[in-house]
There are 2 protein chains.
Amino acid sequence: MTAPLDTVLARADANLPSSLDTLFGLLRIPSVSTDPAHAGDCREAAGALAAYLETLGLAATVRETAGHPVVLARLDGPEGAPHVLFYGHYDVQPVDPLALWTRDPFDPAILTEASGRKIIAARGASDDKGQLMTFVEALRAWREAAGGLPIGVTLLLEGEEECGSVSLPAFLEENKAELQADFAVICDTGMWDAETPSITTSLRGLVGEEVVIRAADRDLHSGGFGGAAANPLHILSAILADLRNADGRITLPGFYDGVEEVPEELKAQWAALSEGRDPLGAVGLSQLSGEVGRSHLELVWARPTAEVNGIAGGYAGAGFKTVIPAEATAKVSFRLVGHQDPEKIRAAFRAHVRDRLPADCSASFADHGGAIAVQMPWDWPVYDGVKAALAQEWPQPPVLVGGGGSIPIVADFRATLGLDSLMVGFSLGDDRVHSPNEKYNLGSFEGGIRSWVRIIAALAE
Amino acid sequence: MTAPLDTVLARADANLPSSLDTLFGLLRIPSVSTDPAHAGDCREAAGALAAYLETLGLAATVRETAGHPVVLARLDGPEGAPHVLFYGHYDVQPVDPLALWTRDPFDPAILTEASGRKIIAARGASDDKGQLMTFVEALRAWREAAGGLPIGVTLLLEGEEECGSVSLPAFLEENKAELQADFAVICDTGMWDAETPSITTSLRGLVGEEVVIRAADRDLHSGGFGGAAANPLHILSAILADLRNADGRITLPGFYDGVEEVPEELKAQWAALSEGRDPLGAVGLSQLSGEVGRSHLELVWARPTAEVNGIAGGYAGAGFKTVIPAEATAKVSFRLVGHQDPEKIRAAFRAHVRDRLPADCSASFADHGGAIAVQMPWDWPVYDGVKAALAQEWPQPPVLVGGGGSIPIVADFRATLGLDSLMVGFSLGDDRVHSPNEKYNLGSFEGGIRSWVRIIAALAE
């Protein structure tokens, strides 16, 4: 345990061929969690992981849940050393449409692209088998080179992340004591680019709402009623248009309660990251929408928003029908940041709708879930060592980034276990996660293992 | 031809049993114009009508068009008498859903309702076979009681009204000379109520537009792009909401050009008609929408409007999808009055959309047709005699009404033949036109024949 860091890194490098062998064995198991036909494969993946962790000297078990099992493994560190709860998932997305894959998604291979870049091609190579194995192989290097770990770890590897982690909250609740740690570590995020590692410090929360506006008790002919009878499509349009003002701010009263400004230092760092980039060019857009005066990264990482995700009402098929429909519906979601309260925002949205409803019309609502945002302190002391470790490994210094979407487990760790989460990962924007021909750069795998070797050392200090 | 009016009316009354026989024969022919399987039935109906008109002494022919044939029949009046072009249609709507009919739609019968009201039950009893036969049977009474007509008539009975009158404009154009008349007479409208006849003096025009708003070149995940990328559902909502201001007026520049105020006298008449009525109660609404400060009848008969008839975009199925869609679409129609120009309004709508489009988004449009409004002069001298004739026949004096919808043939008569149209009809709001269990009141049939007998006399003066 007193081996110099270079010895552990050298061991990790020497292990690489067998590390890839282990990863390939895991990638060959089609652990598609959402498809009941693959339930046995999920169990096989869990068993294989537990068995492998046992060979590394961890106390590993496959634990039952209401759904696919969880792998739990533990290795204590020296007395007084920090103990972390590492989270990853062994399940993968379905492979449809299979015809778009250039090779069998469950027959992993190292391919060399025209650019010379080497990639690991397989479903789950990046999300999340390759990523979770970077941490496992770092543990192995420490064990083999130093006889043990300088920190304590508990590994929690679930099998339902790709189908909503439905069994996990109950598992956390039931195993609170066993899962105690100083903080959580998650390897399910990405790098800024292939040379620049990143630490994800926040994830946006979400409120999902569906509203149905009802006017007349039947569809009406616009000849006989147009201009006199309430049209729910007009009412809905006005309700949705009114959600944002001319400056792109959301108009719900109290909406920005709990939203904090990003520190100037971080804003400057994000501005530098964006420099010379065309963030929306890849999807055919050329200008930012939403709140004026905010940078692209601020908008998607650190600002809340309201988005209409679907509208339906009246006749939208081929041709034309001069109908005033009886009802119209919209699905609306709010992305949350900081300490915004999902239920307060849901209530404010419903009040916004009701306030704009003619007296003879009605609205009904469906709750499509809510999740708080997670925001680690930007100056969390843990980051200092992690940043220094990542800076040693990669060509560019690490950046603190936000996540525009949600990883519900992060909120659960905080709510149930009281744990903050350190989110570091090595996937890249072109990994085709959830899509055909998923890959993980060989450089991400190798650099990921070496990064964790360094981070583990840093966390011990 | 010098028989007193009472003699002709008595003849019409005496004819009633055989008038019903003739109508029933026509109702037994399932002349559903939209269904190719019934093309032979349409031709049979045309032939039956032409043959019957021949027996009445008219020169009648079945004339080919690109679609179902037209019946053309003519009987000249005395030298110097007015000549009118009567329009009706022998085709009917489909009968689906057949299961909702209480009897065979093509087996007409006179039924007595619980209230004692006698009705003619059959598809087409009201729309338009029963109505057109009121005019034909009035001609018969005049011929039989007076040896001829005090006015000249050309009958134009088409077979494609229920499927868009697609062949009729060309037929009018090709037969202009033959169709010359002083004005047109149309029996395809209704009474205000069972005691109050009405003359329809205007019909609203229509502009149909479809717009598709496109933003990103693919659907986006709202986690990664929400708040930064343009959302076409928001853009569309704002565009549609902006079509009306807080007073319910349409905001398109120049929209109200050509809209005339209803004369105060008529407004007062309409206000009296509405007195004590709850015009929207039957459809579950309790308050007027649209332009403030206008009565219900003014809104639907004499004011233009914009209605959204359909919206679609994003995910609107079960559950929820946090998508920012690539595109969103709406169908919008404008009801026109007075001299509003459909193409100017279409252009104004397209400009309204383009003005509200972010620079990196696009809009495309589909033209779903346009028709000018028709507005007869409220003080057309023809109305004086017609009003007096109707006042003699019915318990309540006639009222001048508007029509909220369109009858395209009326605009065609004006555009192609230069003819104004006298619109008088005897259908009632509960006739279930286009629906299962269509009926025509026996009182409408009998009173309709007698009304035309009187109107023909009045027009001769």
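Please read these numbers as outputs of a predicted model, since none were measured by experiment.

## Thoughts on the overall build of chain A
Piece 1. In terms of regular secondary structure, chain A is built from twelve helices and 18 strands.
Piece 2. A compact globule built from 461 residues would reach a C-alpha radius of gyration of about 23 Å, and chain A, at 25 Å, matches this within 12%.
Piece 3. A sequence separation of at least 24 residues applies to 79% of the contacts in chain A between residues at least 6 apart.
Piece 4. Summed over all atoms, the accessible surface of chain A reaches about 16,900 Å², with 52% contributed by carbon and sulfur.

## Focus on the sheet that holds strand 4 (residues 109-112) of chain B
All names here are of chain B.
Piece 1. On the basis of which strands lie adjacent, the open sheet formed by three strands has the order 4-5-18 and antiparallel pairing. Both outer strands of the open sheet, strand 4 and strand 18 (439-441), are each paired with one neighbouring strand and no more. In this sheet, neighbouring strand axes are inclined to one another by 35 degrees on average, regardless of whether the strands run parallel or antiparallel.
Piece 2. Of the strand pairs in this sheet, strand 4 and strand 5 (residues 118-121) are connected by four bridges, and their pairing is antiparallel. Looking across to strand 5, one finds that Thr112 is bridged to Lys118.
Piece 3. Taken strand by strand, helix 12 (residues 442-460) contacts strand 4, strand 5 and strand 18, and its axis lies near 55 degrees from that of strand 18.

## Observations concerning the environment of Ala122(A)
Residue and element names in this part refer to chain A.
Piece 1. Relative to the elements of secondary structure, Ala122 occurs in the loop between strand 5 (118-121) and helix 3 (129-146).
Piece 2. Overall, the relative accessible area of 1% leaves Ala122 in the buried class.
Piece 3. Between the C-alpha atom of Ala122 and that of Glu195, which follows or precedes it by 73 residues, the distance is 23 Å.

## Describing the packing of aromatic side chains
Piece 1. Enumeration over the complete set of coordinates arrives at 28 aromatic pairs over all chains.
Piece 2. Aromatic side chains Phe334(B) and Phe349(B) sit 5.6 Å apart centroid to centroid with 65 degrees between the ring planes, which places their arrangement in the edge-to-face category. Placement of the pair is Phe334(B) in strand 13 (residues 327-336) and Phe349(B) in helix 9 (residues 342-355), with a sequence separation of 15 residues. Residue Phe334(B) shares its accessibility class with Phe349(B), and that shared class is buried.
Piece 3. Aromatic ring contacts, followed pair by pair, group Phe86(A), Phe135(A), Trp394(A), Phe426(A) and Trp452(A) into a single cluster.
Piece 4. The aromatic ring of Tyr256(A) is capped on one face by Arg249(A), whose charged end is 4.0 Å from the ring centroid.

## Structural notes on helix 9 of chain B
Residues and elements named next belong to chain B.
Piece 1. The terminal C-alpha atoms of helix 9, which comprises 14 residues, lie 20 Å apart, in line with the 20 Å expected from a rise of 1.5 Å per residue.
Piece 2. For helix 9, the set of buried residues is Pro342, Ile345, Arg346, Ala348, Phe349, Arg350, His352 and Val353.
Piece 3. Contacts made by the buried residues of helix 9 are with strand 9 (205-214), helix 6 (232-241), strand 13 and strand 14 (362-371).

## Let's talk about the pattern of salt bridges
If the charged atoms of two oppositely charged side chains come close together, the side chains can form a pair.
Piece 1. Summed over all chains, the structure comprises 72 salt bridges over all chains.
Piece 2. Close ionic contact of Arg11(B) with Glu144(B) constitutes a salt bridge, the shortest N to O distance being 3.0 Å. Placement of the pair is Arg11(B) in helix 1 (residues 5-27) and Glu144(B) in helix 3 (residues 129-146), with a sequence separation of 133 residues.
Piece 3. Between Asp430(B) and Arg117(B) there is a salt bridge whose closest N-O contact spans 2.9 Å. A residue pair is termed long-range when its members are at least 10 positions apart, and Asp430(B) in the loop between strand 17 (421-424) and strand 18 and Arg117(B) in the loop between strand 4 and strand 5 qualify at 313 residues.
Piece 4. Each of Arg249(A), Glu261(A), Glu264(A), Lys267(A), Glu291(A), Arg294(A), Glu298(A) and Arg303(A) takes part in salt bridges that share partners, so that together they form one network.

## Remarks on the sheet that holds strand 9 of chain B
Piece 1. On the basis of which strands lie adjacent, the open sheet formed by eight strands has the order 14(A)-9(A)-13(A)-11(A)-11(B)-13(B)-9(B)-14(B) and antiparallel pairing. Lying at the two open borders of the sheet, with one neighbouring strand each, are strand 14 (362-371) of chain A together with strand 14 of chain B. Each neighbouring strand pair of the sheet contributes to a mean axis angle of 20 degrees, computed without reference to strand direction.
Piece 2. The sheet contact formed by strand 11 (residues 305-314) of chain A and strand 13 (residues 327-336) of chain A spans eight bridges and is antiparallel. Considered in strand 13 of chain A, the bridge of Ala306(A) is made with Phe334(A).
Piece 3. Packing of helix 9 (residues 342-355) of chain A onto the sheet brings it into contact with strand 9 (205-214), strand 13 and strand 14 of chain A, and relative to strand 14 of chain A it is tilted by some 160 degrees.
Piece 4. Its contacts with the sheet put helix 9 of chain B on strand 9, strand 13 and strand 14 of chain B, and the angle it makes with strand 14 of chain B is roughly 160 degrees.

## With respect to the domain arrangement of chain A
All names here are of chain A.
Piece 1. For chain A, the assigned domains are domain 1 (5-203 + 374-460) and domain 2 (205-266 + 291-371).
Piece 2. On a C-alpha basis, the centroid separation for the pair domain 1 and domain 2 is 37 Å.
Piece 3. In this complex, domain 1 contributes twelve residues to the contact, which on the side of domain 2 involves twelve residues.
Piece 4. Carbon and sulfur atoms supply 63% of the area that domain 1 and domain 2 bury against each other, a total of about 980 Å² over both sides.

## Some points on the relation of the copies chain A and chain B
Piece 1. For the pair chain A and chain B, the best superposition has an RMSD of 0.2 Å and corresponds to a rotation of 180 degrees with a translation of 0.1 Å parallel to the axis. Put plainly, the chains are arranged around a two-fold axis.

## A look at the interface of chain A and chain B
In many analyses, interface size is given as the accessible surface area lost on bringing the parts together.
Piece 1. With 73 residues of chain A at the interface, the matching set in chain B holds 73 residues.
Piece 2. Buried surface at the junction of chain A and chain B, summed over both partners, amounts to about 5,400 Å²; 56% is from carbon and sulfur atoms.
Piece 3. On the surface where chain A and chain B come into contact, there are zero salt bridges.
Piece 4. Remark: the boundary between chain A and chain B carries 38 residue pairs in polar contact (both at pLDDT 80 or more).
Piece 5. Elements represented by at least two residues in the side of chain A that touches chain B include exactly strand 9, strand 10 (220-221), helix 5 (222-225), helix 6 (232-241), helix 8 (296-302), strand 11, strand 12 (323-324) and strand 13 of chain A.
Piece 6. For the side of chain A that touches chain B, the element with the most residues is strand 11 of chain A, which contributes ten residues.
Piece 7. Class assignment for the residues of the side of chain A that touches chain B results in 33 nonpolar, 28 polar and twelve charged.
Piece 8. Relative to strand 11 (residues 305-314) of chain B, strand 11 of chain A is paired through five bridges, and the arrangement is antiparallel. Paired with Ile311(A) across the strands is Gly313(B), a residue of strand 11 of chain B.

## Description of the side chain of Ser421(A)
Residues and elements named next belong to chain A.
Piece 1. Among the secondary structure elements, Ser421 is positioned in strand 17 (residues 421-424).
Piece 2. Judged by relative accessible area, Ser421 falls into the buried class, the value being 0%.
Piece 3. Ignoring sequence-local partners within four residues, the contact set of Ser421 consists of Ala184, Ile186, Met376, Trp380, Val410 and Phe413.

## Here we look at the UniProt feature "domain: Peptidase M20 dimerisation" (unreviewed entry) in chain A
Piece 1. When the UniProt feature table is mapped to this numbering, "domain: Peptidase M20 dimerisation" (unreviewed entry) covers residues 202-360 of chain A.
Piece 2. Measuring from the first to the last C-alpha atom of residues 202-360 of chain A gives 44 Å, for a span that is 29% helix and 23% strand.

## Here's the deal with the packing of helix 1 of chain B against helix 12 of chain B
All names here are of chain B.
Piece 1. Closest axis-to-axis distance for the helix 1/helix 12 pair is 10 Å, and the angle between their directions is 140 degrees. The orientation of helix 1 relative to helix 12 falls into the category oblique. Between helix 1 and helix 12 lies a crossing of right-handed hand. On helix 12, the residues touching Leu5, Val8, Leu9, Ala12, Asp13, Leu16, Ser19, Leu20 and Leu23 of helix 1 are Leu442, Phe445, Glu446, Ile449, Arg450, Val453, Arg454 and Ala457.
Piece 2. Here the contact of helix 1 with helix 12 is built from residues that sort into twelve nonpolar, one polar and four charged.

## Structural notes on the packing of helix 6 of chain A against helix 6 of chain B
Piece 1. The N-to-C vectors of helix 6 of chain A and helix 6 of chain B enclose an angle of 120 degrees; their axes lie 8 Å apart at closest approach. As judged from the angle between their axes, helix 6 of chain A and helix 6 of chain B are oblique. The element helix 6 of chain A and its partner helix 6 of chain B pack so that their crossing is left-handed. In contact with His234(A), Ser237(A), Ala238(A), Leu240(A) and Ala241(A) of helix 6 of chain A, helix 6 of chain B contributes His234(B), Ser237(B), Ala238(B), Leu240(B) and Ala241(B).
Piece 2. Here the residues of the contact of helix 6 of chain A with helix 6 of chain B sort into six nonpolar, four polar and no charged.

## Things to note about the environment of Ala366(A)
Residues and elements named next belong to chain A.
Piece 1. In this structure, Ala366 sits in strand 14.
Piece 2. Sequence separation between Ala366 and Glu210 is 156 residues, and the spatial gap between their C-alpha atoms is 5.0 Å.
Piece 3. Beyond its immediate stretch of four places on either side in the chain, Ala366 contacts Gly208, Glu209, Glu210 and Arg350.

Criteria and cut-off values
- Residues numbered from 1 in each chain as written.
- Chains lettered and ligands numbered in written order.
- Predicted model: local features only at pLDDT ≥ 70, side-chain atom pairs only at ≥ 80, totals over all residues.
- Heavy atoms only, no water.
- Helix = DSSP H or I, 4+ residues; strand = E, 2+ residues; numbered from the N terminus.
- Rg over C-alpha atoms; globule rule 2.2 N^0.38 Å.
- Contact = heavy atoms within 4.5 Å.
- Areas by Shrake-Rupley, 256 points an atom, 1.4 Å probe, with all protein chains shown as cover.
- Pairing = 2+ DSSP bridges.
- Axes fitted to C-alpha atoms, helices over the stretch in contact; angles between N-to-C directions.
- Buried < 20%, exposed > 50% of the residue type's maximum accessible area, 1.4 Å probe, protein only.
- Phe/Tyr/Trp six-rings, centres within 6.5 Å; stacked < 30°, edge-to-face > 60°.
- Lys NZ or Arg CZ within 6 Å of the ring centre and 35° of its normal.
- Expected span 1.5 Å × (residues − 1).
- Salt bridge = Lys/Arg side-chain N within 4 Å of Asp/Glu carboxyl O.
- Domains from an automatic or database assignment.
- Buried area = accessible area lost by both parts, 1.4 Å probe.
- Least-squares fit on C-alpha atoms with pLDDT ≥ 70 in both.
- Polar contact = N/O pair within 3.5 Å; in protein donor to acceptor, adjacent residues only side chain to side chain.
- Nonpolar A, V, L, I, M, F, W, Y, C, P; charged D, E, K, R; others polar.
- UniProt positions renumbered as here; feature names shortened; annotations may be inferred.
- Parallel < 35°, antiparallel > 145°, perpendicular 65-115°, else oblique.
- Left-handed = near helix turned anticlockwise from the far one by under 90°.

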